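What the coordinates show
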Amino acid sequence: IYLASPYWHEDSAVRTERYLQACRHAAELMEAGYAVFSPIAQHHPIHFFLEPHLQHDFDFWMQQDLPVLRGAAAVWVLCIPGWQESRGITRELQEARNHSIPIMEIHENEIRAAV
């Protein structure tokens, strides 16, 4: 499962909270037996080590994420605050549709039901 979730926000505290939510929900899915890739869980710690001009470069991150998404059996969208406005999720869903990858929305209060 490719776990799409919102990340970018002007406030770094919001970005950190979104990272923690992605990690928590990815862990729940992993404990339930799913193989999960969460780009936010993977990339949030890494971005601190990149050159500043790359840290929040949308195209750079899509070059990292979309090849992995193309190999996913499904894309699950973590519907936490900000997901509907997320430029990244919009692009990820477009890519999933282009490659006929099933998409499922999961809301925070429904995550246990999904597993």
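The following paragraphs examine the structure supplied in this document. All values derive from a computational prediction rather than experimental measurement.

Comments concerning the environment of Gln-84
Inspection of the secondary structure assignment puts Gln-84 in the loop between strand E2 (75-79) and helix H5 (87-98). The class for Gln-84 is exposed, based on a relative accessible area of 60%. Distance in space between the C-alpha atoms of Gln-84 and Leu-29 is 22 Å, their sequence separation being 55 residues.

With respect to the nonpolar core
Membership of the largest hydrophobic core is limited to 12 residues, which are Tyr-2, Ala-4, Leu-69, Ala-72, Val-75, Val-77, Cys-79, Trp-83, Ile-89, Leu-93, Ala-96 and Ile-101. Those elements that place two or more of their residues in this core are strand E1 (2-4), E2 and H5. Beyond its immediate sequence surroundings of up to four residues, Val-75 is in contact with Tyr-2, Ala-4, Leu-69, Leu-93, Ala-96, Ile-101, Pro-102, Ile-103 and Met-104. In terms of nonpolar packing, the next biggest core, distinct from the first, is built from 10 residues, Ala-26, Ala-74, Leu-78 and Ile-80 among them.

Focus on the pattern of salt bridges
Throughout the structure, instances matching the rule amount to 2 salt bridges. Here Arg-70 makes a salt bridge to Glu-95, at a shortest N to O gap of 2.6 Å. Placement of the pair is Arg-70 in helix H4 (residues 58-70) and Glu-95 in helix H5, with a sequence separation of 25 residues. Since its relative accessible area comes to 5%, Glu-95 is described here as buried. Among the salt bridges present, the one from Arg-91 reaches Glu-95, with a minimum N-O distance of 2.9 Å. One end of the pair, Arg-91, and the other, Glu-95, are both in helix H5, 4 residues apart, so they sit about a helical turn from each other. Under the relative-accessibility criterion, Arg-91 is labelled partly exposed at 24%. A single salt-bridge network, built from bridges that share partners, covers Arg-70, Arg-91 and Glu-95.

Remarks on unusual backbone geometry
With a phi close to 55°, Ser-100 is a non-glycine residue in the positive phi region. For Ser-100, the position within the fold is in the loop between H5 and strand E3 (103-107).

About the thresholds
Residues numbered from 1 in each chain as written. Predicted model: local features only at pLDDT ≥ 70, side-chain atom pairs only at ≥ 80, totals over all residues. Heavy atoms only, no water. Helix = DSSP H or I, 4+ residues; strand = E, 2+ residues; numbered from the N terminus. Buried < 20%, exposed > 50% of the residue type's maximum accessible area, 1.4 Å probe, protein only. Core = buried A, V, L, I, M, F, W, Y, C linked by side-chain atoms within 4.5 Å. Contact = heavy atoms within 4.5 Å. Salt bridge = Lys/Arg side-chain N within 4 Å of Asp/Glu carboxyl O.

Note that every value here comes from positions in space, so none of it alone points to a role or purpose.
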